[in-house]
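Coordinate inspection notes
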Amino acid sequence: MFFPAISELEPIARAAGDAIMAIYSQPFTVEYKSDESPLTAADKGAHEVIVQALARLTPDIPVLSEESGPEVMGLRHGWSRYWLVDPLDGTKEFVSRNGEFTVNIALIEDGKPLWGLVYAPVLDRLWYGGKGGGAWRVADSKRESIQTQPHREGKAWRVVGSRNHLSQATLDYLARFGDIGRGEIELVSMGSSLKFCIIAEGGAELYPRLAPTCEWDTAAAQAVLEGAGGSVTQLDGSPLAYNKPDILNPWFVARA
């Protein structure tokens, strides 16, 4: 099984982070796409950094980014292996300047996230890994292996949820695990793919997402979580698959 060399991928993610932070540190304008999601120069700059670097590193592996044009999107169904990139996951968090945004780079093979890297530029933390290959966190100049921690009987469920998309359907789903008001669930809201990474490093046990996401939002962090021993499945228990006809994900649950 092929796993990318982190020594080659980490500099790409950090360079994209530098491009993002160059915009983040000054006033910037916000555009809006047809679906009303925000777009900034940071999204575009990080996209160019990553796509060009991956093309040099692995010219035989195509790249699909959230900011790719429709011609690339139309080609993706013929790919058995490709890079799937969200150059700035959490643009709303970027616009609100709360620091909870990430760079996501995943390698997809036969509809599965084989390997992924998530980098949080403001936090200067990086996570990477893949199912069957382990998972790691890089923080404070230290690189260490990470592993999920299962829920302990009698303890509150530690749940991470979306800061901007915590739907009523999600709250109804959580009700089967306990009552938030009675302390049976400890719910922490945050942006971007950080939620998966918190579970991967043992800081939470559950992330239900009963609201829209796209494949580039989840692939890299799913790979990290699976490398750390966790899982990401649809509500019926089937795997969360990639390169589907529709780029939108179904509802899913990430678990330790």
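Here the structure is a predicted model, which is why all the values come from computation and not from measurement. Per chain, residues are indexed from 1 in the order of the written sequence. In view of the model being predicted, local features appear only for residues whose pLDDT reaches at least 70, and side-chain atom pairs are presented and counted only at 80 or more, with totals across whole chains, interfaces and linings using the full set of residues. Side-chain metrics rest on all non-hydrogen atoms present in the structure, leaving aside hydrogens and water.

This paragraph deals with the packing of aromatic side chains. Each pair of aromatic rings taken from Phe, Tyr and Trp, with Trp reduced to its six-membered ring, is defined by centres within 6.5 Å and is described as stacked if the planes are under 30 degrees apart, edge-to-face if over 60, and tilted in the remaining cases. Tallied over the entire structure, the rule returns 11 aromatic pairs. Look at Phe94 and Phe101: their rings are 5.3 Å apart centre to centre, the planes differ by 70°, and that puts the pair in the edge-to-face class. Here Phe94 and Phe101 have matching classes, each one buried. The interplanar angle of 20° and the centroid separation of 5.9 Å between the aromatic rings of Phe196 and Phe252 together place this pair among those described as stacked. With Phe196 in helix α6 (residues 194-200) and Phe252 in strand β14 (residues 252-255), the pair connects residues that are 56 residues apart, well separated along the chain. The pair Phe196 / Phe252 is uniform in exposure class, with both members buried. Through successive ring pairs, a cluster of aromatic residues spans Tyr24, Phe28, Phe94 and Phe101. Two thresholds decide whether a charge sits over a ring: the Lys NZ or Arg CZ must be within 6 Å of the ring centre and within 35 degrees of the ring normal. Across the ring face of Tyr24, the terminal group of Arg97 is positioned such that the distance to the ring centre comes to 5.5 Å. Summary of the burial criterion: residues with accessible area below 20% of their type's maximum are buried, those above 50% are exposed, and those between are partly exposed, where the area comes from a 1.4 Å probe applied to protein chains only. A run of DSSP states H or I qualifies as a helix once it reaches four residues; a run of E qualifies as a strand once it reaches two. Both are numbered from the N-terminal end.

It is worth spelling out the sheet that holds strand β9 (residues 142-145) at this point. In sheet architecture, strand pairing relies on hydrogen bonds along the backbone and comes in two forms, parallel and antiparallel. Any two strands between which DSSP finds at least two bridges are classified as paired. Sheet architecture is open: 7 strands sit in the order β3-β4-β5-β6-β7-β8-β9, paired in mixed fashion. The sheet is open, and its two edges are formed by β3 (63-65) and β9, each paired on a single side. Between one strand and the next, the sheet's axes are offset by a mean angle of 15°, whatever the strand orientation. Where strand β5 (residues 102-109) lies against strand β6 (residues 112-120), 7 bridges are found, and the strand directions are antiparallel. Counterpart to Leu107 in the pairing with β6 is Trp115. Residue contacts follow a heavy-atom distance rule, with two residues in contact if any of their heavy atoms lie within 4.5 Å. To obtain an axis, a line is fitted to C-alpha atoms, over the contacting stretch when the element is a helix, and the angle between two such axes runs from 0 to 180 degrees between their N-to-C directions. Its contacts with the sheet place helix α1 (residues 6-24) against β4 (81-89), β5, β6, β7 (125-130), β8 (134-139) and β9, and it is angled at close to 45° to β6.

UniProt positions are given in the numbering used here, feature names are shortened, and annotations may be inferred rather than shown by experiment. Summarizing the sequence annotation, UniProt attributes the feature "binding site: Mg(2+) 2" (unreviewed entry) to Asp86, Asp89 and Asp217 in the numbering used throughout. Considering the C-alpha atoms alone, the annotated residues occupy 132 residues of sequence yet fold into one spot, their largest mutual distance being 6.5 Å. Among the annotated residues just listed, those that line the largest pocket are Asp86, Asp89 and Asp217. The residue Asp86 is located in strand β4 in this model. Setting aside anything within four residues of it in sequence, one finds Asp86 in contact with Glu66, Thr102, Val103, Asn104, Trp216 and Asp217. Along the polypeptide, Asp217 turns up in helix α7 (residues 215-227). Note on Asp217: relative accessible area 19%, which makes it buried. Think of a 1 Å grid over just the protein atoms. A cavity is a set of points where a 1.4 Å probe fits yet cannot get out, a pocket is an open set with protein on both sides within 12 Å along at least five of seven lines, and lining residues have an atom within 4 Å of a point.

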